[in-house]
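# Observations on the three-dimensional arrangement
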Amino acid sequence: MKTRISLLCLLIGMLSIPAVLQAQTTPLPIRTDSNEGVAVLPDYQEEDNTLSPKEFARQIADEQAVLLDVRTPEEYEEGHLEGAKLVDYKSDEFEEQVRALDPQRTYYMYCRSGVRSHKALEQMKEMGFKHLYELDGGITAWKSEGLPVK
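Residues numbered from 1 in each chain as written. Predicted model: local features only at pLDDT ≥ 70, side-chain atom pairs only at ≥ 80, totals over all residues. Heavy atoms only, no water.

## Section: the overall build of the protein
Scanning the protein from terminus to terminus reveals 6 helices and 7 strands. Going from N to C terminus, the protein has its helices and strands arranged as α-β-β-β-α-β-α-β-α-β-α-β-α. Taking all 150 residues of the protein together, the buried fraction comes to 30%. Accessible area for the protein stands at about 10,600 Å²; split by element, carbon and sulfur atoms hold 53% of it. (Helix = DSSP H or I, 4+ residues; strand = E, 2+ residues; numbered from the N terminus. Buried < 20%, exposed > 50% of the residue type's maximum accessible area, 1.4 Å probe, protein only. Areas by Shrake-Rupley, 256 points an atom, 1.4 Å probe, with all protein chains shown as cover.)

Next up, the structure:
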């Protein structure tokens, strides 16, 4: 009798496995393209482009990294990160300077607090750059972490 009950419990357990697995699977949210009525999966390629000061420091240590300071020349002279190239976001030449950059490279940018670097990042994305990162909180956050400024 115990054997039959054990077998029955085992059988019930095995039959419920597909239902449990299906319940644990979360379907991807799908939107419908209103023009064509086609189901489209969301774009999960979007990455978080904002790095903490310590993560930013680790990333820019790579020899392939290109570091951009998007502050004004006056701010740059007051102190900047070692190896940073000045590309003033507020200048009339900003777009021209960015067009001279290689869009295949990876760029790390910062400003004083993060506002201009975010705007610069968005503008560079629109210009076709794909590998862009910004310093969360700008050079102000960098300094507050005790990281070096030249």
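## Let's talk about the nonpolar core
Counting 16 residues, the largest nonpolar core has L68, V98, Y107, M109, M124, F129 and L132 as its most contacted members. Elements with a minimum of two residues in this core: β4 (66-69), α4 (94-99), β6 (106-110) and α5 (115-126). In terms of residues, this core owes the most to one element, α5, which gives 3 residues. When sequence neighbours within four positions are dropped, the list of residues in contact with F129 reads V98, L101, D102, P103, Y107 and M124. Listed in part, the 14 residues of the second largest apolar core include F56, Y108, Y110 and I139. (Core = buried A, V, L, I, M, F, W, Y, C linked by side-chain atoms within 4.5 Å. Contact = heavy atoms within 4.5 Å.)

## Re the pattern of salt bridges
Counted under the stated rule, the structure contains 7 salt bridges. Where D69 meets R71, a salt bridge forms, and the shortest distance between an N and an O atom there is 2.8 Å. We classify R71 as buried; its relative accessible area is 4%. Residues E122 and K125 are paired through a salt bridge, measuring 3.9 Å at the closest nitrogen-oxygen approach. Here E122 and its partner K125 are both found in helix α5, 3 residues apart, which amounts to about one turn of the helix. With relative accessibility at 29%, the residue K125 sits in the partly exposed group. (Salt bridge = Lys/Arg side-chain N within 4 Å of Asp/Glu carboxyl O.)

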